[in-house]
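Overview (structure and organization)
Chain by chain, the residues:
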Amino acid sequence: MAVLKVKFTKTKRDKLAQILWILNWVSVVSGIILFSLGLFLKIEIKKRSEVMAKGDINSVPNMLISVGVIACIINFLGGKICYDCSDANKFSRWKLVMLPYIVCTFCFTFCILVGALMCYTMRNELEESLYLGLRDAIKFYKDTDIPGRCFLKKTVDLLQIGFRCCGNNGFRDWFEIQWVSRRYLNMASKEVLDRLKSNVDGKFLVDGVPFSCCNPSSPRPCIQYQLTNNSAHYNYDFLTEELNIWMKGCREALLDYYTGIMRSIGIAALLIWLFELSVLIGVRYLQTAMKNVLLLGDLGGESDGWLLENSFVETAKYNINIIKNLGKANQISTVSSMNDPNIDVQNTDCGKTNIKTKSIPEAR
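Residues numbered from 1 in each chain as written. Predicted model: local features only at pLDDT ≥ 70, side-chain atom pairs only at ≥ 80, totals over all residues. Heavy atoms only, no water.

**Concerning unusual backbone geometry**
Here is the rule: Runs of H or I in DSSP of at least four residues are treated as helices and runs of E of at least two as strands, each being numbered from the N terminus. When accessible area is computed with a 1.4 Å probe and restricted to protein chains, residues below 20% of their type maximum are described as buried, those above 50% as exposed, and intermediate ones as partly exposed.
A positive phi angle, near 55°, is found at Arg-164, a position not held by glycine. Residue position: Arg-164 is located in the loop between helix H5 (152–163) and helix H6 (190–198). Residue classification places Arg-164 among the exposed positions, given a relative accessible area of 56%. The residue Gln-226 is not glycine, and still its phi comes out positive at about 50°. The residue Gln-226 is located in the loop between H6 and helix H7 (250–296) in this model. Among the residues examined, Gln-226 registers a relative accessible area of 35% and is labelled partly exposed.

Structure, rendered in structure tokens:
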């Protein structure tokens, strides 16, 4: 029994073909939108690639870009097919192409859904990439004279100013690393030498942060050094007073930023998926209706269109049997060779005939 069977007159078939022709061109625009969203996300990730570890974070933008390009190609072809389907004579040219086209479109539509869901599932990968990337960027903050790292100080400072953040998880991350280059330390100073000797790794650690952590909206001058020393500043208590530096870590700030972008892209991709799915259903009805009208032979008469020719269960069983038969086909030659009694039997005459055999002389 056909699933969701609908009866179409010639007028309905013509109107459906015209509507689908227009919708396919709208789908080309939706493909351009998907491509643009993927490209935008890729550029945004590229902007902060210096503070991100290498990983699979580009899988989502690459997927959206690929799907967008495929959408433009498939829907452009679909528009041509639907336009010709308004004429039964022209439809005969696309008769054998329609079903493979629908299958390819279904797979492509499924890819849009996968891309939309990936926008919501890549948060963990992005968080790990940001954590590792920011950890290394902060670690090499002081290496302004080393090729390949000299740009990291500027990158981290601009990041902390632009996103109003400090450190990886928070401002205390700066307490655990030496972020002041040795070229700016007075090695003749006893205080500097004592601080270097007090550390096991010989690092110059201070309870201070770079200037880019300062909050310009703070009413008092920025306190960058001795943040945990109350006696070093007048009327100051670091435990109770809200510090005049950014409290949020840059990993959290960037994660919130990219999560907001991916949420918006995910919603747009889901809407495009629903639209493409409705167009696909319409094309399926048009294909079955035109196919049946050709079988009936009355081009101006009524014909049935359906989503599936048989029930969901029967269709699933039919497709599973096809897959099983494909697997069995590869085993035919192997099974037949195993049952062939002539296999592995040596031919003693080696192609020679009429060979006289010597008889053993009888004993006298």
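Following the structure, the description resumes.
**What to know about the nonpolar core**
As a reminder of what qualifies: We define a nonpolar core as any set of buried Ala, Val, Leu, Ile, Met, Phe, Trp, Tyr and Cys residues linked to one another through side-chain atoms lying within 4.5 Å. Domain delimitation in this document rests on an assignment produced automatically or drawn from a domain database. Only heavy atoms enter the contact rule, under which two residues are in contact if any of them lie within 4.5 Å.
Grouped together as the largest cluster of nonpolar side chains are 80 residues, with contacts concentrated most on Leu-126, Trp-174 and Val-209. Residue assignment for this core shows that the elements contributing at least two residues are helix H1 (10–47), helix H2 (59–84), helix H3 (88–121), helix H4 (123–139), H5, H6 and H7. Broken down by element, the residue count for this core peaks at 18 residues, all from H7. Two domains share this core, each providing at least three of its residues, namely domain 1 (3–139 + 252–318) and domain 2 (171–247). When near neighbours in sequence (up to four residues on either side) are disregarded, Leu-126 contacts Met-52, Ile-57, Leu-255, Tyr-258 and Met-262.

**Quick look at the state of the cysteines**
In a disulfide, the sulfur atoms of two cysteines are covalently bonded to one another. Quick note on the threshold: In this description, a disulfide is simply a cysteine sulfur pair whose atoms lie within 2.5 Å.
Throughout the structure, instances matching the rule amount to three disulfides. What pairs with Cys-165 in a disulfide is Cys-250, and their sulfur atoms sit 2.1 Å apart. Between Cys-165 and Cys-250, the S-S torsion sits near 85°, and that sign places the bridge as right-handed. Within this pair, whereas Cys-165 is found in the loop between H5 and H6, its partner Cys-250 is found in helix H7, the two being separated by 85 residues in sequence. Here Cys-165 matches Cys-250 in class, with each residue buried. Put simply, Cys-214 and Cys-222 are joined by a disulfide, and their sulfur atoms are 1.8 Å apart. One disulfide, between Cys-214 and Cys-222, carries an S-S torsion of -75° and so falls in the left-handed class. Judged by its relative accessible area of 16%, Cys-214 falls in the buried class. Its relative accessible area of 31% is what places Cys-222 among the partly exposed residues.

**Regarding the UniProt feature "transmembrane region" (unreviewed entry) in the protein**
Quick reminder of the rule: UniProt positions are given in the numbering used here, feature names are shortened, and annotations may be inferred rather than shown by experiment.
In this numbering, the UniProt entry assigns the feature "transmembrane region" (unreviewed entry) to residues 20–40, 60–78, 98–120 and 265–286. Helix makes up 100% of residues 60–78 and strand 0%. Its end C-alpha atoms lie 26 Å apart. In the segment residues 265–286, helix accounts for 100% and strand for 0%; the C-alpha atoms at its two ends are 31 Å apart.

**Regarding the packing of H5 against H7**
Under the convention used in this document: In this analysis an axis means a line fitted to C-alpha atoms, helices contributing only their contacting stretch, and an angle means the value between N-to-C directions, from 0 to 180 degrees. Each crossing gets its hand from how the near helix is turned against the far one by less than a right angle, where anticlockwise is left-handed and clockwise is right-handed. Classes in brief: Ala, Val, Leu, Ile, Met, Phe, Trp, Tyr, Cys and Pro nonpolar; Asp, Glu, Lys and Arg charged; the others, Gly included, polar.
For the pair H5 and H7, the least separation of the axes is 10 Å and the interaxial angle reads 65°. The crossing of H5 and H7 is left-handed. Contacts between H5 and H7 pair Leu-159, Gln-160 and Phe-163 from the former with Cys-250, Ala-253, Leu-254 and Tyr-257 from the latter. In terms of residue class, the contact of H5 with H7 is built from six nonpolar, one polar and no charged.

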